[in-house]
Amino acid sequence: MMLKLGFWPRARSFVPALTLLMACSGGDDAATSETTLTGTSTGTTTMTTTSGSTSTTTGEETTEGTGTTTTSTSTTTTTTTTDGTTTSDTTSETTGKDAVCGDDVLDPGEECDAGPDNNDNGVCTTECKHAACGDGFIGPGEACDDGNTDDGDECTNNCALASCGDGFVQPGEDCDDGNDDNTDACLATCVSPSCGDGFTQAGVEACDDGNAIDSDECTVLCKPPACDDGIKSGDESDVDCGGACDQCGLDAICNQGSDCASGNCSSGTCKVAANCGAIKMTNPNAPSGIYGVDPDGEGTGKAPFDAYCDMETDGGGWTLVLNLDTSDGHVMWWANTKWTDGTTKGTADKALTEDHVSQAWSNYSGAKEVLVMVHKEGVPVGWKSFTKSTTDTMRAHMNGGDNVLVGSAVKNMDVANLWANERLVRISTKLYANHCVATGGACTTGNTGSPDGDRIGSHEATPSDNNGGGLGNWHDMNYCCNAAYGSGKQCNGQSFRTSSEAQAGWAPCYGGQAGYFGSDVLGPANATCGNTMCTQSNWAAPSGMDYDYSIYLR
């Protein structure tokens, strides 16, 4: 026992404070007591005694089906005041042994405990937790468990292995929309859609056949072929031309003549054809019309030019070299220099509606056939084709002297609709340049005599008795006024007989002949059949028929 004494000052006096500490011990039990006496200025003394005892029992197990070992502890506190009041407080605590996961007992804080069956890959983990996706262990029903919340790695948040179609974009995937629709923004293969993948993306592509062939119904642009798509597509022979598109220009690739604006496909390339026959050969269905031709060849002679091509008559492929419009006011009579000087007249676009001398008149050599066509402003009336005697140009024939054979034999004809008084096409068996009835001399040379001549004629059309006619007339040449008019003849003060562009015969006053075609004649026709009035054609008269004539080569 220990006694403590202290003094508290108060008005020059001291009040003692007594603390008494006693301790007793013995055996297995121990008790401790502490008493404190406190003095106050009022003379009151308080004594507090605190005692405690602890009792421990070991080796005693409470079975109750649990086998838990317990420990008991007891503490008593007593307080006594000087007035005789005593208070006492005793506390007891009994605790169990530490809980262990895996003891097959569901202890506080455990979600489960299967004892030795606890398994990180089972329904209850070795931490006595229920298996759950995201715990880092691959539990029942899980294909994987990486313990994170990243759906973009190899294991998704639902513990399934990453796969195309799971709705999450993982490495190696462009996209993953979780569906098998190949027409939206992500294919069922988790690849971003692209032209050529074989699937038509809605709202973006018009088609997608999955190939790189542009000649089928869907191009590599995933659009149907078009003539302005910038690629060679559909049936085009070259980029945006040929086939069903506009025709291609020169040097473009072609499959046939119809692919080319020139109408001529030569060795797979659009070229200017030598003539209309070459166009017909590479383009059998070419229509009649204007085409570029170059009879003397690319890079030599004359530059290419436009020519009118007849692609229908007698098999087609005919190149127009001359047209006589007998009522256009321009008179291609015998002495007109256009027959011989190599100059041209008119344009191809008006070749059938006015007098026209093509460049082909002078430089188309090599032709084997010649065609004479009777028409009315381009509308055929009748025709006759001849085998050409030589391959010379028509101008060469004109400059070859009198009676130059041009057409040696008739090949084909269609004369059924011709007027009965027409002679050149209807009844000719041969065709001549500078056909001359030389009753008084030559037509192209000399200065004597009075021959009858036609630039294009025949024995049947203009016989020796002047009955009939041809093209580019000047009959009874020596009966002319004041000049030779290109014949080499000298005038003797008499009028010339006829000087028309085309005629079926002289005036009716001369043996009932039929007269000239159209209205084109060098001097006014008075049909008097007399040798007066030098400025007029006294032996000429209109026939009343407005026939035009064309000459073609093939």
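By convention here, each chain's residues receive numbers from 1 onward along its written sequence. With pLDDT at 70 or above as the cut-off, local features in this predicted model cover only qualifying residues; side-chain atom pairs require 80 or more to be listed or tallied, and sums for whole chains, interfaces and linings still use all residues. Note that the side-chain values use all heavy atoms of the structure and ignore hydrogens as well as water.

Q: How do you make sense of the overall build of the chain when you look at a structure like this?
A: In terms of helices and strands, the chain carries 4 helices and 21 strands. Working definition: with a 1.4 Å probe on protein chains only, accessible area under 20% of the residue-type maximum means buried, over 50% means exposed, and in between means partly exposed. The buried share of the chain, taken over its 554 residues, is 40%. If you sum the accessible surface of the chain, you get close to 26500 Å²; carbon and sulfur atoms cover 51% of it. Note on conventions: DSSP H or I runs of at least 4 residues are helices, E runs of at least 2 residues are strands, and numbering of each starts at the N terminus. Areas reported as accessible are Shrake-Rupley estimates using a 1.4 Å probe. Residue values count occlusion only from the protein chains shown.

Q: Explain the pattern of salt bridges to me, please; I cannot follow it from the model alone.
A: Note on pairing: side chains with opposite charge can pair once their charged atoms come close. Salt bridges, as used here, are contacts in which a Lys or Arg side-chain nitrogen is within 4 Å of a carboxyl oxygen on Asp or Glu. Per the stated rule, a full pass over the model turns up 4 salt bridges. In this structure, Lys 271 engages Asp 251 in a salt bridge whose closest nitrogen and oxygen atoms are separated by 2.7 Å. With Lys 271 in the loop between strand 10 (269-270) and helix 1 (276-282) and Asp 251 in the loop between strand 8 (86-95) and strand 9 (265-266), the pair connects residues that are 20 residues apart, well separated along the chain. By relative accessible area, which is 25% here, Lys 271 ends up partly exposed. One salt bridge connects Asp 314 with Arg 554, and the closest N-O pair in it is separated by 3.9 Å. Linking Asp 314 in the loop between strand 12 (305-310) and strand 13 (318-324) with Arg 554 in the segment after strand 21 (548-553), this pair joins segments that are 240 residues apart in sequence.

Q: Even after reading the chapter, I still don't get the pairing of strand 21, so can you show me in this structure?
A: If a strand is regular, its side chains alternate between the two faces of the sheet. With 6 of 6 residues buried, strand 21 is to be regarded as a mostly interior element. Side-chain alternation along strand 21 places Asp 548, Ser 550 and Tyr 552 on one buried face and Tyr 549, Ile 551 and Leu 553 on a second face that is also buried. Note: strand 13 against strand 21, 5 bridges, orientation antiparallel. Opposite Asn 323, over in strand 21, you have Ser 550 as the bridge partner. We call two strands paired when DSSP finds no fewer than two bridges between them.

Q: Sorry if this is basic, but what is going on with the nonpolar core here?
A: One broad trend across soluble globular proteins is that nonpolar side chains are buried collectively. Put simply, a nonpolar core is a bunch of buried Ala, Val, Leu, Ile, Met, Phe, Trp, Tyr and Cys residues held in one set by side-chain atoms that sit within 4.5 Å of each other. Grouped together as the largest cluster of nonpolar side chains are 39 residues, with contacts concentrated most on Val 321, Leu 322, Trp 339, Trp 361, Ile 456, Leu 471 and Tyr 549. Core analysis: the second largest hydrophobic core is formed by 9 residues, Leu 320, Met 373, Trp 383 and Tyr 552 among them.

Q: Got a minute to help me understand the confidence of the model for the chain in this structure?
A: Do not read the predicted coordinates in detail wherever pLDDT is low. Every residue carries a pLDDT, the predictor's confidence in it, which falls somewhere between 0 and 100. Looking at the chain, pLDDT values average 82 and 77% of them are 70 or higher. This model gives residues 1-83 a pLDDT under 50, and the stretch forms 161 contacts once residues within four places in sequence are excluded. Here a residue-residue contact requires only that any non-hydrogen atoms of the pair lie within 4.5 Å.

Q: I keep staring at the state of the cysteines and nothing clicks. Help me out?
A: Linking two cysteines covalently via their sulfur atoms produces the bond known as a disulfide. The disulfide criterion is simple: two cysteine sulfur atoms within 2.5 Å. If you walk through the whole model with that rule in mind, you get 15 disulfides. Between the sulfur of Cys 112 and that of Cys 124 lies a disulfide, 1.9 Å long from S to S. Between Cys 112 and Cys 124, the S-S torsion sits near 95 degrees, and that sign places the bridge as right-handed. Here Cys 112 is found in the loop between strand 8 and strand 9, whereas its partner Cys 124 is found in the loop between strand 8 and strand 9, with 12 residues between them in sequence. You'll find Cys 112 and Cys 124 in the same group, each marked buried.

Q: It is not clear to me how unusual backbone geometry should be interpreted in this structure. Could you clarify?
A: A negative phi angle is the norm for most residues apart from glycine, just as the trans form is the norm for most peptide bonds. Although it is not a glycine, Cys 190 sits at a positive phi angle of roughly 65 degrees. Here Cys 190 lies in the loop between strand 8 and strand 9. Exposure remark for Cys 190: the relative accessible area of 3% places this residue in the buried category. The backbone of Asp 251 sits at a positive phi, close to 75 degrees, despite the residue not being glycine. On the basis of relative accessible area, Asp 251 is assigned to the exposed category, the value being 52%.

Q: Help me out: how do you make sense of the packing of aromatic side chains in this one?
A: In this description, a pair of aromatic rings is defined by centroid distance and the angle of the planes. Here the aromatic set is Phe, Tyr and Trp, taking the six-membered ring for Trp, and pairing holds for ring centres within 6.5 Å; pairs whose planes are under 30 degrees apart are stacked, those over 60 apart are edge-to-face, and all others are tilted. If you walk through the whole model with that rule in mind, you get 8 aromatic pairs. Residues Trp 506 and Tyr 510 carry aromatic rings whose centres are separated by 4.8 Å and whose planes lie at 35 degrees to one another, so their mutual orientation is tilted. What makes Trp 506 buried here is its relative accessible area of 1%. Judged by its relative accessible area of 28%, Tyr 510 is partly exposed. When the centroid spacing of 5.3 Å and the interplanar angle of 25 degrees are considered together, the rings of Phe 517 and Tyr 547 count as stacked. With a gap of 30 residues between them, Phe 517 in the loop between strand 20 (471-474) and strand 21 and Tyr 547 in the loop between strand 20 and strand 21 connect regions that are remote in the sequence. Among the residues examined, Phe 517 registers a relative accessible area of 0% and is labelled buried. A residue is classified by how much of its surface remains accessible, and Tyr 547, at 2% relative accessible area, is buried. Put simply, the rings of Trp 419, Phe 517, Tyr 547 and Tyr 549 pair up and form one aromatic cluster.

Q: Got a minute to help me understand the environment of Tyr 552 in this structure?
A: Within the secondary structure, Tyr 552 is located in strand 21. Distance from Tyr 552 to Glu 369, taken between C-alpha atoms, is 8.4 Å for residues 183 residues apart in sequence. Setting aside residues no more than four positions away along its own chain, Tyr 552 makes contact with Tyr 308, Asp 310, Trp 318, Thr 319, Leu 320, Val 321, Leu 352, Glu 369, Val 370, Leu 371 and Met 373.

Q: Which parts of the structure should I look at to understand the side chain of Ser 499?
A: Tracing the backbone shows Ser 499 in the loop between strand 20 and strand 21. For Ser 499, a relative accessible area of 0% translates into the label buried. Two N or O atoms form a polar contact when they lie within 3.5 Å of each other; inside protein one atom must be a possible hydrogen donor and the other a possible acceptor, and for residues adjacent in sequence the pair counts only when both atoms belong to side chains. Among the polar contacts listed, one links the side chain of Ser 499 to the side chain of Ser 537, at a separation of 3.2 Å. Those residues within four positions of Ser 499 in sequence are excluded, and the remaining contacts are Val 331, Trp 333, Asn 473, Val 521, Leu 522, Gly 523 and Ser 537.

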